[in-house]
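# Observations on the model geometry
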Amino acid sequence: MPIKVQSDLPVRDILENENIFVMDETRAMSQDIRPLQICILNLMPVKQDTELHLLRSLSNTPLQVDVTFMKMNSHVSMNTSMTHLNKFYNTFDELKKNKYDGLIITGAPVIIKPSNFRCFNSSKVL
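Anyway, here's the lowdown on the structure attached to this text. Here the structure is a predicted model, which means the values were calculated and not measured.

### Section: the pattern of salt bridges
When their charged atoms lie close together, side chains carrying opposite charge are able to pair. Overall, the coordinates contain four salt bridges when judged by the stated rule. Note that R12 and E16 form a salt bridge whose closest N and O atoms lie 3.1 Å from each other. Placement of the pair is R12 and E16 together in helix α1 (residues 11-17), with a separation of four residues, close to one helical turn. A residue is classified by how much of its surface remains accessible, and R12, at 12% relative accessible area, is buried. E16 sits in the partly exposed class, given a relative accessible area of 35%. The salt bridge partner of K96 is D93, with a shortest N-O separation of 3.9 Å. The class for K96 is partly exposed, based on a relative accessible area of 49%.

Rendered as structure tokens:
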């Protein structure tokens, strides 16, 4: 079934070339179907690669899926342009009143822990 994405999302062309059915907001509004609302908090360094991977996976469902990308307010991305983030991602404050059927949280792999890295759990230092 189709994945609803913004019409100018860069990975849209790749998905269409792979015969994955994507639709924009205008076409989705004409459908008489309630789509599955999914919010994706993409914490991976290269956002567009992760967007492509997740949208490919979500397209393998019989349901129409409406995807919203979320970014962290406090994080400055080193590998994805601010233009891309500002155009296709929303902050929690912008999305907190919305209702979603699911939330996908991606995570960046931590390869090397600095020697001064500490995890805090309640009042204990791990």
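### Let's talk about the pairing of strand β4 (residues 65-71)
With respect to burial, β4 is a largely interior element, seven of its seven residues being buried. Across the two faces of β4 the burial is the same, with V65, V67, F69 and K71 and D66, T68 and M70 all buried. Strand direction decides the pairing type here: strand β1 (residues 3-4) and β4, joined by two bridges, are parallel. Within the sheet, the bridge partner assigned to I3 lies in β4 and is V65. As paired strands, strand β3 (residues 36-41) and β4 are joined by six bridges and run parallel to one another. Each residue of the ladder has a partner; that of I38, found in β4, is V67. In the classification by handedness, the crossover that spans β3, the intervening helix α3 (residues 47-58) and the parallel β4 is right-handed. The sheet contact formed by β4 and strand β5 (residues 89-91) spans three bridges and is parallel. Looking across to β5, one finds that F69 is bridged to Y89.

Cut-offs and rules
Residues numbered from 1 in each chain as written. Predicted model: local features only at pLDDT ≥ 70, side-chain atom pairs only at ≥ 80, totals over all residues. Heavy atoms only, no water. Salt bridge = Lys/Arg side-chain N within 4 Å of Asp/Glu carboxyl O. Helix = DSSP H or I, 4+ residues; strand = E, 2+ residues; numbered from the N terminus. Buried < 20%, exposed > 50% of the residue type's maximum accessible area, 1.4 Å probe, protein only. Pairing = 2+ DSSP bridges. Right-handed = clockwise from strand over helix to strand, strands pointing away.

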